[in-house]
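Residue strings, one per chain:
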2 protein chains.
Amino acid sequence: MADRFDPKFTGHVLETIGPNCTPRNRLVLGALMRHVHEFAREVELTVDEWMMGVTFINSIGQASTPIRNEGHRISDVIGLESLVDEVAHKLVTDGADPTSSSILGPFWSPNAPFRENGGSIIIDPAPGGKPTLMHGKMTDLLTGKGIPGAVVDIWQASANGKYDFQDPDNQSPNNLRGKFKCDENGNYHFYCLKPTAYSLPTDSPAGVLLRLLDRHPMRPAHIHLMITADEYRGCTTQIYPNDDPYLSTDTVFAVKDDLVVDFKPIEGDPKAILDLEYNVILAPKSYKGVTPHTQSSIGLESKL
Amino acid sequence: MADRFDPKFTGHVLETIGPNCTPRNRLVLGALMRHVHEFAREVELTVDEWMMGVTFINSIGQASTPIRNEGHRISDVIGLESLVDEVAHKLVTDGADPTSSSILGPFWSPNAPFRENGGSIIIDPAPGGKPTLMHGKMTDLLTGKGIPGAVVDIWQASANGKYDFQDPDNQSPNNLRGKFKCDENGNYHFYCLKPTAYSLPTDSPAGVLLRLLDRHPMRPAHIHLMITADEYRGCTTQIYPNDDPYLSTDTVFAVKDDLVVDFKPIEGDPKAILDLEYNVILAPKSYKGVTPHTQSSIGLESKL
């Protein structure tokens, strides 16, 4: 099909990249242009479709605000953030694997406060929410020993599916956010909610794209976790209740098998109706896996 | 290299496209997602590079205005508009070819007035500009006969490199724009300027991208033409003086060999110092070429 077209065109475009372009920029931006060209030839993109694409690209930035990143959301809906997460964090081992990473998403905050083990991130009422005692241990991939002082930063939406800064009428800043430091054995425990599935905002370019694709906008219920410990590779991830109906069709493709967890009934704890044991395995920074991570050490060097 | 990654991921993303997605949307958007994934795996896109990309995509819409289409400009700088033009208009013949098309660009206006043959599109002074008598004949690809009543819509930047609506202090609306109707033999003639090379606006996402690529922002000097005639395939194109230094590195990749023309000195015409003969060959609408145009008749059906 492509033979109908000038076979030299893409090569010519790439040849115009100048001598002062850094090697990484040449590699990344060259590959991006090549793939865009291959896409356009493969589908024989029409002029009207191209112009719809231009209009769509423009709409992404126009719908973005300081607290609403539509470019980020579109990249999630097409699976790109999840794929980039895999490229960055996939560690190939010859035995047990460390806990899988998952995407950061747009709702992490650098301002979550440290709270005491045994404390709660539930600051404001959450009608219909199911308080849960979440607890577990952080262990070393190689030794199986606990990791004292490991920190878990947790954030989640409330029972209405909204995060604190999307819902200022009902939630205080840092509601359902907190950081906890593991004890001398690597154990942590705190109270949170069983999470609630929610829809991405659909009055947005992402909503337009999802409707074109006849896809639902739902994320399965999840709790976000960012786990850090000195001398260990950190792990940003999400965990999902095993009874969620959207596990296999997550609209941002962030579910992995080992991140699906079991919320069980609990008795005798006045602060909780569910119990969640969740243990995390971290790899030491010095451990490179059996297949060394091959990613180029040359980053896209110029700042945009 | 890609074997390190989940081989089912992209297939899973494509499988979530719903049953009510139209066949063309499934084809186009599916291919787009597949190519984006292949790109990310091929270059092992880093988290920082992905986030720079997100920020860049957002910047495109944020820099766009009703008279400044940065999405269009970015697609030009990566060669996409020129490629889409080729996909849409390439006609494979077994003899002479019709005049090549080229990109529309963002400066066409639907409001250009009809002017008489022998008239001028030079309404306002253009210091340094070289008035040119442009003339020629529109002929039928198959018969070689003139096409009476063919219309040429012409637009060009002034000697300062700016179009009328970029330069309201110096140019009236429709300065250097006009439509001319060929006579009964298919001939036209009018006065214009020898065009001037100019830079794309560089205070823009396109400028950022060009600097990353170490590429210049120059378009070779050109005159835009949109030629229409009943019963003929129209031709939107551009012509370029053969002495322009940017012919081989046009920042939007719109130059084709048969669009390079020769401006010659003229004597005895008080209105011009240069002469340009430019003849155009149009294919009848009924002529499909030796290789039928294979583009799917199914367009991207839903409106964005």
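Each value, and the rule that gives it
Residues numbered from 1 in each chain as written. Chains lettered and ligands numbered in written order. Predicted model: local features only at pLDDT ≥ 70, side-chain atom pairs only at ≥ 80, totals over all residues. Heavy atoms only, no water. UniProt positions renumbered as here; feature names shortened; annotations may be inferred. Helix = DSSP H or I, 4+ residues; strand = E, 2+ residues; numbered from the N terminus. Axes fitted to C-alpha atoms, helices over the stretch in contact; angles between N-to-C directions. Parallel < 35°, antiparallel > 145°, perpendicular 65-115°, else oblique. Left-handed = near helix turned anticlockwise from the far one by under 90°. Contact = heavy atoms within 4.5 Å. Buried < 20%, exposed > 50% of the residue type's maximum accessible area, 1.4 Å probe, protein only. Pairing = 2+ DSSP bridges. Salt bridge = Lys/Arg side-chain N within 4 Å of Asp/Glu carboxyl O.

An unreviewed UniProt entry lists chain A under the name Aromatic compound dioxygenase, with Mollisia scopiformis as the source organism. Per UniProt, chain A has the following entry under Cofactor (unreviewed entry): "Fe(3+)". Under the UniProt heading Sequence similarities (unreviewed entry), the entry covering chain A gives this text: "Belongs to the intradiol ring-cleavage dioxygenase family."

K.L.:
Would you explain the UniProt feature "domain: Catechol dioxygenase N-terminal" (unreviewed entry) in chain A in this entry?
P.N.:
UniProt marks residues 23-90 of chain A with the feature "domain: Catechol dioxygenase N-terminal" (unreviewed entry), using the numbering shown here. The span residues 23-90 of chain A shows a helical share of 82% and a strand share of 0%, and its end C-alpha atoms are spaced 24 Å apart.

K.L.:
It is not clear to me how the packing of helix 4 (residues 70-77) of chain A against helix 3 (residues 47-63) of chain B should be interpreted in this structure. Could you clarify?
P.N.:
In a packed pair of helices, the relevant descriptors are the angle between the two axes and the axis-to-axis distance. For the pair helix 4 of chain A and helix 3 of chain B, interaxial distance at closest approach is 8 Å and the crossing angle is 120 degrees. When the interaxial angle is binned, helix 4 of chain A and helix 3 of chain B end up oblique. In the crossing of helix 4 of chain A with helix 3 of chain B, the sense of the turn from one axis to the other is right-handed. For the pair formed by helix 4 of chain A and helix 3 of chain B, the contact residues are Glu70, Gly71, His72, Ser75 and Asp76 of chain A on the first element and Trp50, Met51, Val54 and Asn58 of chain B on the second.

K.L.:
Looking at this structure, I do not really get the pairing of strand 1 (residues 131-140) of chain B. What am I missing?
P.N.:
The side chains of a regular strand alternate, first on one face of the sheet and then on the other. All names here are of chain B. Counted residue by residue, strand 1 has seven buried out of 10 residues, so it is predominantly covered. Two strands pair when backbone bridges link them, and strand 1 and strand 4 (residues 187-193) are joined in this way by seven bridges, in the antiparallel orientation. Pairing of Met134 across the sheet is with Phe190, part of strand 4. Direction of pairing for strand 1 relative to strand 11 (residues 274-277): parallel, over a ladder of four bridges. Bridged to Leu133 within strand 11 is Asp275.

K.L.:
I tried to follow the UniProt feature "domain: Intradiol ring-cleavage dioxygenases" (unreviewed entry) in chain A on my own but got confused; where do I start?
P.N.:
Here the UniProt-annotated "domain: Intradiol ring-cleavage dioxygenases" (unreviewed entry) positions come out as residues 104-283 of chain A. Taken end to end, residues 104-283 of chain A has its terminal C-alpha atoms 19 Å apart, with 4% of it in helix and 31% in strand.

K.L.:
How should the pattern of salt bridges be read in this particular structure?
P.N.:
A pair can form between side chains of opposite charge whenever their charged atoms are brought close. Residues and elements named next belong to chain B. The full count for this structure, using the stated rule, is 20 salt bridges over all chains. Residues Arg68 and Asp203 are paired through a salt bridge, measuring 3.2 Å at the closest nitrogen-oxygen approach. Taken as a pair, Arg68 in the loop between helix 3 and helix 4 (70-77) and Asp203 in the loop between strand 5 (198-199) and helix 6 (205-212) lie far apart in primary sequence, 135 residues in all. Look at Asp203 and you get exposed, because its relative accessible area is 60%. Ionic pairing is found between Arg219 and Asp250, a salt bridge with its closest N-O pair at 2.8 Å. In this pair, Arg219 sits in strand 6 (residues 218-219) while Asp250 sits in the loop between strand 8 (235-241) and strand 9 (260-261), placing the two residues 31 residues apart along the sequence. Looking at Arg219, the relative accessible area reads 4%, which means it is buried.

K.L.:
How should the sheet that holds strand 2 (residues 151-155) of chain A be read in this particular structure?
P.N.:
Backbone-to-backbone hydrogen bonds join strands into a sheet, with any given pair of strands oriented parallel or antiparallel. Residues and elements named next belong to chain A. The strand order across the open sheet built from five strands is 3-2-7-8-9, with neighbouring strands paired in mixed fashion. Of all the strands in the sheet, just strand 3 (177-181) and strand 9 (260-261) have a single pairing partner and so form its edges. Where strand 7 (residues 223-228) and strand 8 (residues 235-241) come together, five bridges link them in antiparallel fashion. The residue bridging Met226 from the neighbouring strand is Thr236, located in strand 8.

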